Amino acid sequence: MVTFKLMEVNGNIAVYHYWVENNEKENPDDYGTLAFDMETKNSETPEVAPGDCWNTLTVEDLMKF
């Protein structure tokens, strides 16, 4: 389970904090950051939460499955 909390909106960019394993109450400082552009629908994760992981797969990798 992942918990998201909207922290700010600056123009068309919405910034969220997120906690893995619904960990917000137990460890409020262990969050990751997600920035979402509401105009282009692009997102980026400038900071990955502790306990989370980041994987990048290419089209070629996906075709192997």
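Scroll up for the structure.
Given the structure is predicted, the values throughout are model-derived calculations rather than measurements.

## A look at the environment of Asp37
Here is step 1: Relative to the helices and strands, Asp37 resides in strand β3 (residues 32-37).
Here is step 2: Classification of Asp37 as buried rests on a relative accessible area of 16%.
Here is step 3: Each C-alpha atom of the pair Asp37 and Val20 lies 22 Å from the other, and the pair is 17 residues apart in sequence.
Here is step 4: Among residues more than four places away in sequence, those in contact with Asp37 are Asn12, Ile13 and Asn42.
Here is step 5: A distance of 2.6 Å separates polar atoms of two side chains, one belonging to Asp37 and the other to Asn12.
Here is step 6: Polar contacts involving the side chain of Asp37 include one to the main-chain amide nitrogen of Thr40, which spans 3.1 Å.

## Side note on the sheet that holds β3
Here is step 1: An order of β1-β2-β3-β4 is seen for the four strands of this open sheet, with the pairing classed as antiparallel. One side of each edge strand has no neighbouring strand; the edge strands of this open sheet are β1 (2-10) and β4 (43-47). Strand-to-strand twist in this sheet, taken as the mean axis angle between neighbours without regard to direction, amounts to 25°.

About the thresholds
- Residues numbered from 1 in each chain as written.
- Predicted model: local features only at pLDDT ≥ 70, side-chain atom pairs only at ≥ 80, totals over all residues.
- Heavy atoms only, no water.
- Helix = DSSP H or I, 4+ residues; strand = E, 2+ residues; numbered from the N terminus.
- Buried < 20%, exposed > 50% of the residue type's maximum accessible area, 1.4 Å probe, protein only.
- Contact = heavy atoms within 4.5 Å.
- Polar contact = N/O pair within 3.5 Å; in protein donor to acceptor, adjacent residues only side chain to side chain.
- Pairing = 2+ DSSP bridges.
- Axes fitted to C-alpha atoms, helices over the stretch in contact; angles between N-to-C directions.

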